[in-house]
Structures are given as structure tokens and as C-alpha cells.
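Below are the chains, spelled out letter by letter.
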Amino acid sequence: MSEETLRVVVRRSESQGQGVLVLDLAPADGGELPPFEAGAHVDLHLGEGLVRQYSLCGNPADRQVYRLGILKDPNSRGGSIAAHERLTEGTVVEIGVPRNLFPLEAGARRSILVGGGIGVTPMIAMAHTLSAQDKPFELHYSGRTRSSCAFLDELAAAPFRAQVHTHFDDGAVEQRLNLVEVLAGADAGTHLYVCGPSGFMDWVIAEAGRLGLSAGQIHKEYFQVEAPSAGGKAFDVALKKSGKTVHVAEGQTIVDALAGVGIKIKVSCEQGVCGTCLCNVLEGTPDHRDVFLTDEEKADNDQILLCCSRSLSDTLVLDL
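Every residue gets a number counted from 1 within its own chain, in the order that chain's sequence is written. Restriction of local features to residues with pLDDT of at least 70 applies here, the model being predicted, together with a cutoff of 80 or more for giving and counting side-chain atom pairs; totals for whole chains, interfaces and linings are based on all residues. Values shown for side chains rest on all heavy atoms present in the structure; no hydrogens or waters enter the calculation.

Rules: UniProt positions are given in the numbering used here, feature names are shortened, and annotations may be inferred rather than shown by experiment.
The protein chain is annotated in an unreviewed UniProt entry as Ferredoxin of uncultured proteobacterium 90H6. Within the UniProt record for the protein chain, the comment given under Cofactor (unreviewed entry) is "FMN".

Here's what the structure looks like:
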């Protein structure tokens, strides 16, 4: 994660749908914000060491504000609740500079954007970019109910509103998300982007594969997963740069084991989603438990997410 942060002020704070806080963040000292690409996110610093990542859902061409949508999650580990309680209009807050781990494929001839619930946020920025570039795309927004969903009014008024399709679980059968229809005619130049709850994403990804899309045509970003960091045998991590060897007990994360000897690893999601704690592996075989690395990257066994992954070998040598 970048060390650079920006001071921004909450210019507008609005509740939309059911439990969605929509924020417009402007530079605290005036001027313009750094540019960002569609699919990017920022690290939101909420105090007391609490840092969470949220996708930028505004128009990348607008340098005056960053727009975020934050769902108040009843299973929150503190981030979304803190945001809802603390980020009122006029509040000054620190954010990281935008980072993009979910970019658009520049060579795509057609883009299909699928957002489930709050997972629509990066898709809105993507739609702005694709519309400005006059590239063929569709945005499919799926939710449990119309009343629970945010951003519906602005999508209905957007310049790309003709490309927006909404699907609600409690609506008529014919308007529900039908991936066979959505992906009909998809060829090698078609790229699919999906974000949302894990179960929804797993269904979309599996169905897209069944319908003939290759792994390289499917782009995904998880917001939250249940990363199984517990379990598995104990092991040692040998740190090449510091010369230390640290024991990682069963049920203990590598991050916690390193913290116990005074080595602090920067983390954010703590679920193997964001890649903040990515580290190079010099020797040994990782037990990958993240959703950040691709299957090909996991097979290389030369990188590991320290917040959730473990080791299959007795010793793992890390570039730390």
C-alpha cells in the first residue's frame, strides 16, 4: 500500500437504498484530486489504525471529487460502521492515493459489467470511461430489491443510461439476471467484469466459464470473503533480509507471528482480497488461501498473502 495519503473533506454525505452511504470527497485544501482509472479504489483511514478499501464510483474525468458507496454491513469488522458514524458533511479524513487492481482491458471489443449489490460501484466508473471512449458495453446491476439499491437515480440520468440494465430478485422473472442471454454472442474480444458478494460472483464466474469465456476474459474483484486462515500445520518463516526465523503456530497468521517479534506488516482487508500484504517467497511452498492471486500466480509459488495464507512446507523463506 502506498505511504502517500491525501486530506479530503466530505463535501456531501447521503443515504441511499438500504444502508448505503454515498460520499463525495473533495480536496481539503482546494485544487484538484489526482487522476484515477476506472476500477480503482482508495484506502480510507478511519482512525485508530482502521483502514478499509472502497472502490471509486464517480466519473474518472471529474478531478473535483472522489465518490464512494459504503454499505453498512451487519457483520462489519468496524470499517463500514465507522464510516457511517463518522463521515458526516464537513469531516476531514485521510485517504490513500488511488490504486487500480481491477483495470479495464484496453483491447476489449465489448465489455459486460456485472455488479451485485454494492459491487456496482467500480462498474459505474467503468461505464463512464467506456461511454466517453464510445466503446460497446452493457452494465447489469443486480440486487435483492429495488428499494435496497443505491445509485438508481443517477444511473437513470447518466449519459449511458441506455446501456444500463437492472435486475431485482423480487421482480418479475423476465427481468432477472439471465447470463445465458447476457453473454450470448460473446467472442474472444468480449470481456466480463464482476464484483459483488462472494456467492454471486462465484455463480457469475462459473456460468461464464461454462458458456465459453476463458479465464483471461473474466475479471473479478472481491469485496469480502471468508479466508480460511486457521487450520493447517505449524511452520517457520525465515526472513532473508533480517536474518530472523519466526514460528507460526497452528491457527496463527503469519502477520500475527511477525508482529510478535516486532515486525509490522502493512495490512488492510485481512481477508486475502486486496494484495496489500503481498510478499515474495524465495523458498518453500505456500498454502494459498487468498482470492487476490490468479491460479497461474499461485502455481508459481513465488508470492504469498501474509494475512491469510500459510505454508505446506516446514519452512517458508520470505524476502523480508
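Details of the packing of aromatic side chains
Test applied: Pairing of aromatic rings covers Phe, Tyr and Trp, the last through its six-membered ring, and needs centres within 6.5 Å; plane angles under 30 degrees mean stacked, over 60 mean edge-to-face, and all others mean tilted. Helix and strand labels come from DSSP, where a helix needs a run of H or I of at least four residues and a strand needs a run of E of at least two; each type is numbered from the N terminus. Under the scheme applied here, a residue whose accessible area is under 20% of the maximum for its type counts as buried, over 50% as exposed, and between as partly exposed, the area being computed with a 1.4 Å probe on protein chains only.
Under the definition given, this model contains four aromatic pairs. A centroid spacing of 5.7 Å and a plane angle of 85 degrees characterise the contact between Phe-36 and Tyr-66, whose relative ring orientation is edge-to-face. Taken together, the residues Phe-36 in the loop between strand S2 (20-27) and strand S3 (41-45) and Tyr-66 in strand S5 (residues 66-71) connect sequence positions 30 residues apart. Taken individually, Phe-36 and Tyr-66 each receive the classification buried, so the pair is uniform in this respect. An angle of 65 degrees between the planes, with centres 6.1 Å apart, marks the rings of Phe-137 and Phe-160 as edge-to-face.

Structural notes on the domain arrangement of the protein chain
The line we're drawing: For the purposes of this description, domain bounds are those given by an automatic or database domain assignment. Only heavy atoms matter for contacts: two residues are in contact if any of them lie within 4.5 Å across the pair. Two parts lose some accessible area (1.4 Å probe) when they are put together, and adding that loss for both gives the buried area.
Segmentation of the protein chain into domains returns domain 1 (5-100), domain 2 (110-221) and domain 3 (235-318). Summarising the inter-unit geometry, the C-alpha centres of domain 1 and domain 3 are found 29 Å apart. Contact with domain 1, which involves six residues of that partner, is made by six residues of domain 3. Here domain 1 and domain 3 share an interface that buries about 430 Å² over both sides, 24% of which is from carbon and sulfur atoms.

Considering the sheet that holds strand S14 (residues 278-283)
Operational definition: Strands were regarded as paired on the criterion that DSSP finds at least two bridges between them. Whenever a helix is involved, its axis is fitted only over the stretch in contact; in every case the axis is a line through C-alpha atoms, and angles between N-to-C directions fall within 0 to 180 degrees.
One open sheet holds the five strands; their spatial order is S13-S12-S18-S14-S16, and the pairing between them is mixed. Bordering the open sheet on either side are strand S13 (245-248) and strand S16 (303-305), each of which pairs with just one other strand. With direction set aside, neighbouring strand axes in the sheet form an average angle of 40 degrees. In this sheet, strand S18 (residues 315-318) lies alongside S14 in antiparallel orientation, the contact comprising two bridges.

A short note on a negative patch on the surface
Our working rule: Each patch is assembled from residues with relative accessible area greater than 30% and no salt bridge, linking like charges that lie within 9 Å and nonpolar side chains (Val, Leu, Ile, Met, Phe, Trp, Tyr) that lie within 5 Å. Computed with a 1.4 Å probe, the accessible areas rest on the Shrake-Rupley method; for each residue, only the protein chains presented here act as cover. Each reported salt bridge corresponds to a side-chain nitrogen of Lys or Arg within 4 Å of a carboxyl oxygen of Asp or Glu. As used throughout, the charge tally considers Lys and Arg to be positive and Asp and Glu to be negative, leaving His and the chain termini uncounted. Charge placement uses NZ in Lys and CZ in Arg. For Asp and Glu, CG and CD serve respectively.
Residues Asp-295, Glu-296, Asp-300 and Asp-302 make up a contiguous surface patch of negative charge. On the secondary structure map, Asp-300 appears in helix H7 (residues 295-300). Among the residues examined, Asp-300 registers a relative accessible area of 53% and is labelled exposed.

Thoughts on unusual backbone geometry
At Asp-134, a position not held by glycine, the phi torsion is positive, near 55 degrees. With respect to the secondary-structure elements, Asp-134 resides in the loop between helix H2 (121-132) and strand S8 (137-143). The exposure class assigned to Asp-134 is exposed, which follows from its relative accessible area of 69%.

Details of helix H5 (residues 198-210)
Our working definition: Expected span of a helix, by definition, is 1.5 Å for each gap between consecutive residues, and there is one gap fewer than residues. Note that the arc is computed from the directions linking the helix axis to the C-beta atoms.
Here H5 contains 13 residues, and its C-alpha end-to-end distance of 18 Å stays within 8% of the 18 Å for a straight helix at 1.5 Å per residue. Among all positions in H5, only Phe-200, Met-201, Val-204, Glu-207 and Ala-208 are buried. Looking straight down H5, one finds that the buried residues subtend no more than 135 degrees of arc, so they occupy a single side. What points out from H5, more than 90 degrees from its buried face, is the exposed set Gly-199, Ala-206 and Arg-210. Directly after H5, the chain includes Gly-212, whose backbone phi takes a positive value near 105 degrees.

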